[in-house]
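Structure assessment
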Amino acid sequence: MTSQLTAVAAHPVLRVPPAAPAAAAVAHFGASLAFHTDVSDVAAALAADGDPGFVLLDSRSTESWNQGHVPGAAHLPTALIAEQAHHLLDPAVPVVTYCWGPACNGATRAALALAELGYRVKEMLGGFEYWVREGFEFETREGRERRDPDPLTAPAGSEDCGC
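Attention here is on the structure that accompanies the text. These figures come from a predicted structure and were not determined experimentally.

**Quick look at the overall build of the protein chain**
For the protein chain, the helix and strand inventory stands at eight helices and seven strands. By principal-axis analysis of the C-alpha atoms, the protein chain measures approximately 65 × 40 × 30 Å. Looking at the protein chain as a whole, 31% of its 163 residues qualify as buried. Taking as baseline every contact in the protein chain between residues at least 6 positions apart, the subset at least 24 positions apart corresponds to 60%. Surface exposure of the protein chain reaches about 10200 Å², of which carbon and sulfur atoms provide 59%. Across the protein chain, the 10 positively charged side chains and the 20 negatively charged ones have centroids separated by 5 Å.

**Points about helix H7 (residues 106-116)**
Side chains that are three or four residues apart share a direction in an α-helix, a result of its 3.6 residues per turn. Along H7, the residues that are buried comprise Gly106, Ala107, Ala110, Ala111, Ala113 and Leu114. When H7 is viewed along its axis, its buried side chains cluster within an angular range of 160° and face the same direction. The elements touched by buried residues of H7 are strand E2 (55-58), helix H6 (81-88), strand E4 (95-98) and strand E5 (121-125). At the exit of H7 stands Gly118, carrying a positive phi of roughly 100°.

**Here we look at the environment of Ala31**
Topologically, Ala31 is positioned in helix H3 (residues 21-35). Overall, the relative accessible area of 32% leaves Ala31 in the partly exposed class. Along the chain, Ala31 and Val121 lie 90 residues apart, while their C-alpha atoms are 13 Å from each other.

**Some details on the pattern of salt bridges**
Tallied over the entire structure, the rule returns five salt bridges. Arg60 serves as the salt-bridge partner of Asp58, at 2.6 Å between the closest nitrogen and oxygen. The closest approach of N and O atoms between Glu137 and Arg144, which form a salt bridge, is 2.8 Å. Taking relative accessible area as the criterion, Glu137 reaches 27% and is therefore assigned partly exposed.

**Overview of the sheet that holds strand E3 (residues 74-75)**
Within the open sheet, the five strands sit side by side as E1-E5-E4-E2-E3. Their pairing is parallel. Strand pairing shows two members of the sheet lacking a second neighbour, strand E1 (36-38) and E3, which therefore form its edges. Across three bridges, the pairing between E4 and E5 is parallel. Note on E5: the bridge partner recorded for Val95 is Val121. Along the sheet face, H3 touches E1 and E5 and points at about 90° away from the line of E5.

**A look at the packing of aromatic side chains**
Enumeration over the complete set of coordinates arrives at three aromatic pairs. Consider the rings of Phe128 and Phe138, whose centres lie 5.7 Å apart with planes at 85°: the pair is edge-to-face. Of the two residues, Phe128 sits in helix H8 (residues 127-133) while Phe138 sits in strand E6 (residues 138-140), which places them ten residues apart along the sequence. The residues Phe128 and Phe138 share a single accessibility class, namely buried.

How each quantity is defined
- Residues numbered from 1 in each chain as written.
- Predicted model: local features only at pLDDT ≥ 70, side-chain atom pairs only at ≥ 80, totals over all residues.
- Heavy atoms only, no water.
- Helix = DSSP H or I, 4+ residues; strand = E, 2+ residues; numbered from the N terminus.
- Buried < 20%, exposed > 50% of the residue type's maximum accessible area, 1.4 Å probe, protein only.
- Contact = heavy atoms within 4.5 Å.
- Areas by Shrake-Rupley, 256 points an atom, 1.4 Å probe, with all protein chains shown as cover.
- Lys, Arg positive; Asp, Glu negative; His and termini not counted.
- Charge placed at Lys NZ, Arg CZ, Asp CG, Glu CD.
- Arc of directions from axis to C-beta.
- Salt bridge = Lys/Arg side-chain N within 4 Å of Asp/Glu carboxyl O.
- Pairing = 2+ DSSP bridges.
- Axes fitted to C-alpha atoms, helices over the stretch in contact; angles between N-to-C directions.
- Phe/Tyr/Trp six-rings, centres within 6.5 Å; stacked < 30°, edge-to-face > 60°.

Here it is in structure tokens:
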């Protein structure tokens, strides 16, 4: 038994043991889902009939917005949130922020700025990059476009990843 524990602790994955599921893990993963959503879930909500119950907010610059954005998203660069959010957003409606992608923390900064103003907010993991990579339609100055899904981010031949 001691040799098994030593072997387990010898590699970095389990050097710090997983949290107990009944307490810390449930609290952590529940909180994570309260703050984050993903591209596929946002796309499904926007594609469903009726009001999705949130506003999707692109927090990037105007140049980035013009290069491509999610159809139906509102545009409000992070630097303008403090002065313009109350003109564009209803405080009673949750906001889902996005920026370029996983290597950009712009959506996090926008979510923080909105939370400081009293908005309920989530961040769309993957941002615009994964919206495009998963094959969803996007809009540019020239019109609407769609690219083939990247098989590393979306299941081939199916719209449901099963997760």
